[in-house]
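# Geometric and topological summary
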Amino acid sequence: MAQDMEAFTADVRQLMEELGNLLISKQLDYGPGNINNAFNGPINGLMVRIGDKFERLKNLLRLDNVAPQHESIEDSFMDLANYGVIGLMVQRGKWPTQ
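The structure displayed is predicted, hence computed values, not measured ones.

Before going further, it helps to spend a moment on the pattern of salt bridges. Within this structure, the stated rule accounts for 5 salt bridges. One salt bridge connects D79 with K26, and the closest N-O pair in it is separated by 2.9 Å. Of the two residues, D79 is situated in helix α4 (residues 73-91) and K26 in helix α1 (residues 2-30); the sequence distance between them amounts to 53 residues. Classification of D79 as buried rests on a relative accessible area of 8%. Salt-bridge contacts for D79 lead to K53; the nearest nitrogen and oxygen are separated by 2.9 Å. A residue pair is termed long-range when its members are at least 10 positions apart, and D79 in helix α4 and K53 in helix α3 (residues 42-63) qualify at 26 residues. One salt-bridge network, in which partners are shared between bridges, spans K26, K53, R56, E71 and D79.

Turning our eyes to something else, we now look at the confidence of the model for the protein. This prediction gives the protein a mean pLDDT of 92; 99% of its residues lie at or above 70. α4 holds the highest mean pLDDT among the elements of the protein, 96, whereas helix α2 (residues 33-36) holds the lowest, 92.

Note on soluble globular proteins: their nonpolar side chains tend to be buried together. One finds L23, I35, L46, Y83, I86, V90 and W95 forming the largest nonpolar core, which totals 7 residues. It is α4 that contributes the most residues to this core, 3 residues altogether. The residues contacting L46, other than those within four sequence positions of it, are I35, Y83, I86, G87 and V90.

Any two packed helices are characterised by the angle at which their axes cross and by the distance between the axes. It is the contact of α3 with α4, at a shortest axis distance of 10 Å, that shows an interaxial angle of 165 degrees. Relative to α4, the element α3 lies roughly antiparallel. For the element pair α3 and α4, the recorded crossing hand is left-handed. Touching P42, I43, L46, R49, I50, K53, F54, R56, L57, L60 and L61 of α3 are I73, S76, F77, D79, L80, Y83, I86, G87, V90 and Q91, all from α4. Split by residue class, the contact of α3 with α4 holds 14 nonpolar, 3 polar and 4 charged.

For the rest of this paragraph, the subject is the packing of α1 against α4. In contact at an axis separation of 10 Å, α1 and α4 are set at 80 degrees when each is read in the N-to-C sense. In terms of axis orientation, α1 runs roughly perpendicular to α4. Of the residues in α4, those in contact with E18, L19, L22, L23 and K26 of α1 are E74, M78, D79, A81, N82, V85 and I86.

In this section: the environment of A81. Mapped onto the elements, A81 comes out in helix α4. Spatially, the C-alpha atom of A81 lies 16 Å from that of W95, the residues being 14 residues apart in sequence.

A contiguous nonpolar surface patch, about 400 Å² in accessible area, is contributed by M5, F8, V12 and M16. Of note, M5 is situated in helix α1.

Procedures and definitions
Residues numbered from 1 in each chain as written. Predicted model: local features only at pLDDT ≥ 70, side-chain atom pairs only at ≥ 80, totals over all residues. Heavy atoms only, no water. Salt bridge = Lys/Arg side-chain N within 4 Å of Asp/Glu carboxyl O. Helix = DSSP H or I, 4+ residues; strand = E, 2+ residues; numbered from the N terminus. Buried < 20%, exposed > 50% of the residue type's maximum accessible area, 1.4 Å probe, protein only. pLDDT = per-residue confidence, 0-100. Core = buried A, V, L, I, M, F, W, Y, C linked by side-chain atoms within 4.5 Å. Contact = heavy atoms within 4.5 Å. Axes fitted to C-alpha atoms, helices over the stretch in contact; angles between N-to-C directions. Parallel < 35°, antiparallel > 145°, perpendicular 65-115°, else oblique. Left-handed = near helix turned anticlockwise from the far one by under 90°. Nonpolar A, V, L, I, M, F, W, Y, C, P; charged D, E, K, R; others polar. Patch = residues over 30% accessible without salt bridge, like charges linked within 9 Å, V, L, I, M, F, W, Y side chains within 5 Å. Areas by Shrake-Rupley, 256 points an atom, 1.4 Å probe, with all protein chains shown as cover.

Given below as structure tokens:
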């Protein structure tokens, strides 16, 4: 059991590092304005993006064996996880304002 928890912990840490690197890379590409300047504020903007991503994910899962043209199921899950991180950063006053 302890070995299972060690493997789980290592897997979580590796995935969190991967997600963090992706979020940092996208932040360099997009900057904070796409979140900060969203209609009705950053949380509303995130909710719209999360809703769009969720609908895309539902469609990809429904299509099952059809290869996506632009974004994989894994990409969608990674973006959803990072939207959660951005939401926490906004709530905690840690998201950059400029």
